[in-house]
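Structure assessment
Residue-level listing of the chains:
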Amino acid sequence: MKIILDAMGGDNAPQAVVQGALEAHAQCGADIVLVGREEAIRACLTGPLPEGVEIVNATEVVDMCDDPATAFKRKKDSSLTVGLTMLKNGEGDAFVSAGSTGALLAGATLLVKRIRGVRRAAMGPVLPTATGRALLCDCGANADCTPEYLLQFAYLGSFYTKRLMGLENPRVGLLNIGAEPSKGDSLRHETFRLLEEAGREGRLNFIGNVEANTALLGGADVIVADGYSGNILLKGVEGCAKLMMGELKKALRSSTKSKLGALLVKDSLRDMKKLLDPSEIGGTPFLGISKPVLKAHGSSDARAIRNAVFRAVEYAQSGIIADVEAHIDVMKVEKNG
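Scope of this entry: the structure provided in the associated data block.

1. Section: the pattern of salt bridges
- The final tally for this structure, using the stated rule, is 18 salt bridges.
- Each member of the salt-bridge network shares a partner with another, and the members are Asp 63, Asp 66, Arg 74 and Lys 75.

In structure tokens form, the structure reads like this:
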């Protein structure tokens, strides 16, 4: 298994990427290709490269201020473009970047290509819920969607949760402003009809609409959303988690009595922090791309990069892409006339 890493992508690159890559290689044994400015990468090393880790020089960097739609084309020798081209050519099994989401999506779509028949690739982050975890699909790749896109997101999410979360019959819910079928706009109404039909045919375990609070309480295993509302849900969860942990920390430091109490629940608090920490997941795949491409958070530290490599290995080995290819016919909406 060989994972290609964009060594120049992210706020803490290349140091965090190099360190995380080396940790991942030592712990899971995957071969690593660090793509980026070789001199800058080597400056992050404290010794020789381990066997199974290599550097591919790329002289340019896609910056966050670059136009996402054209950056990978204009900067043909960027770490992002070179890495995605290597994946396309079969020189690695997955590609991971903490760089520009828009540029990565554009490059993955136009270089690596979507699975034939998939209308749009979607980002599928895993969210903590009261009963475990749920996959959100989409969380920002597609602000404007059609009912067919959302139907395909439901299938993509179902395949993911079956393969990587071990759920035999994942519950699919459509993110909406109410549980009743009549709630929401025309996009939600038409999508509900398509998902309900797929449920009747036994292709999906569609449980109906879910509100954001119900979803986070464990009401669904796959939360289907357009990228606009999905991103609001995701950022709301992240912000709420930071608020909760910050206020809890202040409360536990407010008095001698509370500090003593904090010592008694230290292990439980550590588990809670781990549950809410996005670095524990590390990377989010672009579901629907023909080869594994994963996006790590822009502020990823070495631990997050290490975990993103772990996710890339799991995703590459999961068989999800083959599942989508085998079922693409039922994922399409027949056009009348």
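2. Considering a positive patch on the surface
- On the surface, Lys 73, Lys 76, Lys 88 and Lys 113 cluster together to form a positively charged patch.
- With respect to the helices and strands, Lys 76 occurs in the loop between α3 (71-74) and α4 (79-88).

3. So, the pairing of strand β8 (residues 171-175)
- The buried fraction of β8 amounts to 4 of the 5 residues, a majority that puts the element mostly inside the structure.
- Pairing of β8 with strand β9 (residues 205-210) involves 5 bridges; the strand directions are parallel. Bridging across to β9, Arg 171 finds its partner in Asn 205.
- Note on the crossover from β8 through helix α7 (residues 186-200) to β9: the handedness is right-handed.
- One ladder, built from 3 bridges, connects β8 with strand β10 (residues 222-224); its direction is parallel. Looking across to β10, one finds that Gly 173 is bridged to Ile 223.

What counts and what doesn't
Residues numbered from 1 in each chain as written. Predicted model: local features only at pLDDT ≥ 70, side-chain atom pairs only at ≥ 80, totals over all residues. Heavy atoms only, no water. Salt bridge = Lys/Arg side-chain N within 4 Å of Asp/Glu carboxyl O. Patch = residues over 30% accessible without salt bridge, like charges linked within 9 Å, V, L, I, M, F, W, Y side chains within 5 Å. Areas by Shrake-Rupley, 256 points an atom, 1.4 Å probe, with all protein chains shown as cover. Lys, Arg positive; Asp, Glu negative; His and termini not counted. Charge placed at Lys NZ, Arg CZ, Asp CG, Glu CD. Helix = DSSP H or I, 4+ residues; strand = E, 2+ residues; numbered from the N terminus. Buried < 20%, exposed > 50% of the residue type's maximum accessible area, 1.4 Å probe, protein only. Pairing = 2+ DSSP bridges. Right-handed = clockwise from strand over helix to strand, strands pointing away.

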